[in-house]
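Take a look at the letters that make up each chain.
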Amino acid sequence: MNFHDEMGQALEIAKSALATGDVPVGAIVIDSSGQVIGTGFNRREVDNDPTAHAEIIAMREAANDVSNWRLEDCTLIVTLEPCAMCAGAIAQSRIKRLVFGAWDEKAGAVGSVWDVLRDPRSPHRTEVISGIREDEAATLLNEFFTKLR
C-alpha cells in the first residue's frame, strides 16, 4: 500500500481547519482492512483546546469506533509530522503504523527534532513512513503561514 489516496483524504480534511483559522493539518485512521474509522483536523482555535490536534481527534474517533483505546492494527495518516504530544499519544494507543506528509523542522517528534516513536527506550514500536505527498502538504502549510505574515 502506498497511502497516496489516503493522504489525499487527509489533505482534504486539513483544508477544513482553514475555516477555523487553525493550522491546516488533517488526519485519518484506517483499520487493517483500509476502512476509515477516524478523522480529524486541527481544532485548537475553535475549541480553545491545546490538545485538539488532528491526530488526537482522529485517534479519539477511531477508539470510539472500535470501542477500544488500543489501535494496534491501525494506521494513522497525517499531513504533518506529529509533535511530541501526538507522538506520545500514538505510542500510547499502540498505533501499528504512522504515515505522514511534510516534515516539521521546528516541532517534529518523529525524526526532525526528536524521534519519540523510534527511540530504543520506547516500549512500543510504530512503523513510520514519511514524505507521502510531502510537497502538497508543505505547500498547504506554507500558504497558510504566508497569509498570516
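Overview of the structure. (Residues numbered from 1 in each chain as written. Predicted model: local features only at pLDDT ≥ 70, side-chain atom pairs only at ≥ 80, totals over all residues. Heavy atoms only, no water.)

A few words now on the overall build of the protein chain. Across its full length, the protein chain holds 5 helices and 5 strands. Starting at the N terminus, the α and β elements of the protein chain follow one another as α-β-β-α-α-β-α-β-β-α. Its C-alpha atoms give the protein chain a radius of gyration of 14 Å, near enough to 15 Å, the size a compact globule of 149 residues would have. If you line up the protein chain on its principal axes, its C-alpha atoms span 40 × 30 × 30 Å. Burial analysis of the protein chain (149 residues in total) assigns 48% to the buried set. Counted over contacts in the protein chain with a minimum sequence separation of 6, partners at least 24 positions apart contribute 56%. With the model as given, the accessible surface of the protein chain reaches about 7,600 Å², and the carbon-plus-sulfur share is 47%. (Helix = DSSP H or I, 4+ residues; strand = E, 2+ residues; numbered from the N terminus. Rg over C-alpha atoms; globule rule 2.2 N^0.38 Å. Buried < 20%, exposed > 50% of the residue type's maximum accessible area, 1.4 Å probe, protein only. Contact = heavy atoms within 4.5 Å. Areas by Shrake-Rupley, 256 points an atom, 1.4 Å probe, with all protein chains shown as cover.)

Another point: the packing of aromatic side chains. One pair of aromatic rings is described through two measures. These are the centre distance and the angle between the planes. One pass over the full model with this rule turns up 2 aromatic pairs. Between Phe100 and Trp103 the ring centres are 4.9 Å apart and the planes differ by 85°, which places this aromatic pair in the edge-to-face class. We classify Phe100 as buried; its relative accessible area is 0%. (Phe/Tyr/Trp six-rings, centres within 6.5 Å; stacked < 30°, edge-to-face > 60°.)

If you trace the backbone, Ala14 turns up in helix H1 (residues 4-14). Among the residues examined, Ala14 registers a relative accessible area of 0% and is labelled buried. Here the alpha-carbon distance between Ala14 and Leu140, two residues 126 residues apart in the chain, equals 8.6 Å. If we skip the residues at most four places from it in the chain, Ala14 touches Pro24, Val25, Gly26, Thr79 and Leu140.

In short, shape yes, function no, at least from these values alone.
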